[in-house]
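Secondary and tertiary structure notes
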Amino acid sequence: MTMKFRAHDTFFIRKGWLSKGMERVVAKNDLFIDKTENPMDILGIGANMVKALRYWLQVVGLTSEPTKGRRIQNLTQLGEEIYANDRYIEEMGTLYLLQYQLAKQDEEATAWYYFFNEFTMSEFTREEFVQGLQNYIMMTADEFNVAIRSLNDDFACIINTYLPRYKSNPNKVSPENNIDCPFGELGLIDIANKKQKTYKKSIPAARSFNPWVIYAVIMDQANGRIEIGLNELLTKPCNIGKVFNLDAIAMLDVLHEVENWGMIKIIRTAGLDVVHLNEQLTFEQCVRKYYETINEGV
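Notes on the structure follow. This is a predicted model, so every value here is computed, not measured. (Residues numbered from 1 in each chain as written. Predicted model: local features only at pLDDT ≥ 70, side-chain atom pairs only at ≥ 80, totals over all residues. Heavy atoms only, no water.)

Topic: the overall build of the protein chain
A tally of helices and strands in the protein chain yields 14 helices and eight strands. Summarising its shape, the C-alpha atoms of the protein chain cover approximately 65 × 45 × 45 Å along the three principal directions. The buried share among the 298 residues of the protein chain stands at 49%. Restricting to contacts in the protein chain with at least 6 residues of sequence separation, those with at least 24 account for 64%. (Helix = DSSP H or I, 4+ residues; strand = E, 2+ residues; numbered from the N terminus. Buried < 20%, exposed > 50% of the residue type's maximum accessible area, 1.4 Å probe, protein only. Contact = heavy atoms within 4.5 Å.)

Next up, the structure:
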């Protein structure tokens, strides 16, 4: 298995970056490779930030570029839905959809994948995370000569992605400063103890999820099955429990709401706790339904 570390060049996603990136890619799909125009001028950010933005657009599932030939970027199906319905990424559901895409990138954003799917400590220090990630690399990678600095930089970038600045540096933040990452709104990481520099995974509120977003992830991971065990939803990599930091109680709260909307039936008989999927839809169809409910104000 191949893995990628520090591809963000230490730059986490800034507010406005993804929408600006989508707009520019739609206007000019060879933005990042055109020799005649400077993407720094078009995007209004520095050279390393341009590189980071190109990377982020892909790993959150908004754009894709071919591995061979001209490396032009185009919006993915998800990118097209978001561009049409929530171009400025203001909806929590959009952020959760992008979070799901990012957290399942075992090859392209390995530290993120590891953090959400394999790293089981609920409270942790940087050293504990990096040590765990090193062990994971040694056990699963084809080669594992990754510089420790890259892993430390990935940890810092994860913290900056999910921990709002007003929590980490309350004295240094002015309201006008847009350096925060929009993913901070999801509330997936918090400070456990500032003095000891410990952090913790935190559980988002069940009411912050739209049922269609949850159903999109479940359907994407179901691979055609019509029943899935509750335990699988909670503990399997890339499923709702892992990518959204849900514990059993929060997950059941979320699933009951999905059930109320008629998409699933939770069945608990004879020791089998399963969810029956009532509607066989693709991930993209669920995403479309999500934006339909948003636009109708449901």
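There is more to say after this.
Description of helix α6 (residues 110-118)
Judged by how many residues are buried, α6 sits mostly within the fold: eight of nine residues are covered. Along α6, the positions that sit buried rather than exposed are Thr110, Ala111, Trp112, Tyr113, Tyr114, Phe115, Phe116 and Asn117.

Here we look at the sheet that holds strand β7 (residues 264-269)
Here we have three strands laid out as an open sheet, ordered β6-β8-β7, and antiparallel in their pairing. With one partner strand each, in any of the chains shown, β6 (227-229) and β7 form the two edges of the open sheet. Across the sheet, the mean angle from the axis of one strand to that of its neighbour is 30°, orientation sign disregarded. Relative to strand β8 (residues 272-277), β7 runs antiparallel, the two sharing six bridges. (Pairing = 2+ DSSP bridges. Axes fitted to C-alpha atoms, helices over the stretch in contact; angles between N-to-C directions.)

What about the nonpolar core?
Of all hydrophobic cores here, the largest spans 97 residues; its most connected members are Leu18, Trp56 and Phe183. If we ignore the near neighbours within four places in the chain, the residues touching Phe183 are Ile13, Leu18, Val60, Leu95, Leu98, Gln99, Leu102, Thr161 and Tyr162. (Core = buried A, V, L, I, M, F, W, Y, C linked by side-chain atoms within 4.5 Å.)

Some details on the packing of aromatic side chains
Within this structure, the stated rule accounts for 24 aromatic pairs. Plain terms: the ring middles of Phe119 and Phe129 are 5.3 Å apart, the flat faces sit at 90° to each other, and that makes the pair edge-to-face. On the criterion of sequence distance, the pair formed by Phe119 in the loop between α6 and β3 (123-124) and Phe129 in helix α7 (residues 126-140) is long-range, its members being 10 residues apart. Here the two residues Phe119 and Phe129 agree in accessibility, since each one is buried. (Phe/Tyr/Trp six-rings, centres within 6.5 Å; stacked < 30°, edge-to-face > 60°.)

Thoughts on the pairing of β8
Pairing of β6 with β8, which is carried by three bridges, proceeds in the antiparallel orientation. Across the sheet, residue Glu227 finds its bridge partner in β8, namely His276.

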